[in-house]
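Here is what each chain is made of, one letter per residue.
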Amino acid sequence: MTETIPLDQGDPRWVFPALTEAEAPAVEAALALAAGRIRRIATGLGVRAGRTGAGLEYHRNEWIVAATVTGFVETPDLLVVCSLGFPRRCGFDLSWGPPWRAGTEVEVAGEVVDGWEKWFGQPVAAAEGFAAAADRLTGRVNAAVRRGHRA
């Protein structure tokens, strides 16, 4: 069973287990920035951001510590997803990052119209790259809406 936890009620060490005290403020600030960007996209479309409305949510499995932080916005015709985590080959793979993967996707009427991903070796760079990816989504969503897709 996977548990969904709002960003402000979680711990960035679930994604970055070796996060140092010196790195934590920059990572937390970047994640908060990304959450705000996802919430703004949702507000502009007149919907809630994710399951909790927090913009970003941690996902924890009952058997392992959370491995991802994700934001999504969904309307009847549009799905916007932004995620940050480390790759796992299967459910039994308990390895941790690095690397971390930040990725985004915009889907319109079931078709992916925009996708982006980048890999990072350091927690601060990964979190800042994730915030930049969330910012990039704003323009991509606006372009999809301008092309006449119903939001």
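Starting from 1, residues in each chain are numbered consecutively following that chain's sequence as written. With pLDDT at 70 or above as the cut-off, local features in this predicted model cover only qualifying residues; side-chain atom pairs require 80 or more to be listed or tallied, and sums for whole chains, interfaces and linings still use all residues. Where side-chain values are given, they derive from all heavy atoms of the structure, hydrogens and water being excluded.

### Describing the nonpolar core
Piece 1. To define a nonpolar core, start from buried Ala, Val, Leu, Ile, Met, Phe, Trp, Tyr and Cys residues and group those joined through side-chain atoms within 4.5 Å. A 1.4 Å probe rolled over the protein chains alone gives each residue an accessible area, and that area as a share of the maximum for its type sets the label: buried under 20%, exposed over 50%, partly exposed in between. Formed by 40 residues in total, the largest nonpolar core has its most connected members in Leu-31, Ile-38, Leu-56, Val-69, Leu-84 and Phe-130.
Piece 2. Mapped onto this core, the elements with two or more residues apiece are helix H1 (24–45), strand E3 (68–74), strand E4 (78–85), strand E5 (100–108) and helix H2 (123–146). Under the scheme used here, helices are H or I runs from DSSP no shorter than 4 residues and strands are E runs no shorter than 2 residues, and both carry numbers assigned from the N terminus.

### A few points about the packing of aromatic side chains
Piece 1. Classification of ring pairs rests on two measures: the distance between centres of Phe, Tyr or Trp rings, Trp counted by its six-membered ring, which must be within 6.5 Å, and the angle between planes, read as stacked under 30 degrees, edge-to-face over 60 and tilted in between. If you walk through the whole model with that rule in mind, you get two aromatic pairs.
Piece 2. Both rings, one in Trp-14 and one in Tyr-58, keep their centres 5.2 Å apart while their planes meet at 85°; by these two values the pair is edge-to-face. Of this pair, Trp-14 sits in the loop between strand E1 (2–6) and H1 while Tyr-58 sits in strand E2 (residues 57–61), placing them 44 residues apart in sequence.
Piece 3. Taking relative accessible area as the criterion, Trp-14 reaches 15% and is therefore assigned buried.

### Here we look at the confidence of the model for the protein
Piece 1. Per-residue confidence from the prediction method is given by pLDDT, with values spanning 0 to 100. Confidence along the protein averages 87 in pLDDT terms, with 87% of residues attaining 70 or more.
Piece 2. In the model of the protein, E2 stands out as the element of lowest mean pLDDT, 84, in contrast to H1, which has the highest, 95.

### With respect to the environment of Pro-87
Piece 1. Relative to the helices and strands, Pro-87 is located in the loop between E4 and E5.
Piece 2. Spatially, the C-alpha atom of Pro-87 lies 7.6 Å from that of Gly-97, the residues being 10 residues apart in sequence.

### Quick notes on the pattern of salt bridges
Piece 1. Throughout this description, the term salt bridge denotes a Lys or Arg side-chain nitrogen within 4 Å of a carboxyl oxygen of Asp or Glu. Tallied over the entire structure, the rule returns six salt bridges.
Piece 2. Between Arg-101 and Glu-117 there is a salt bridge, and its shortest N-O distance comes to 2.7 Å. Taken as a pair, Arg-101 in strand E5 and Glu-117 in strand E6 (residues 111–120) lie far apart in primary sequence, 16 residues in all.
Piece 3. Here Asp-114 and Arg-136 are joined by a salt bridge, their closest N and O atoms 2.8 Å apart. One end of the pair, Asp-114, is in strand E6; the other, Arg-136, is in helix H2, with 22 residues separating them in the sequence.

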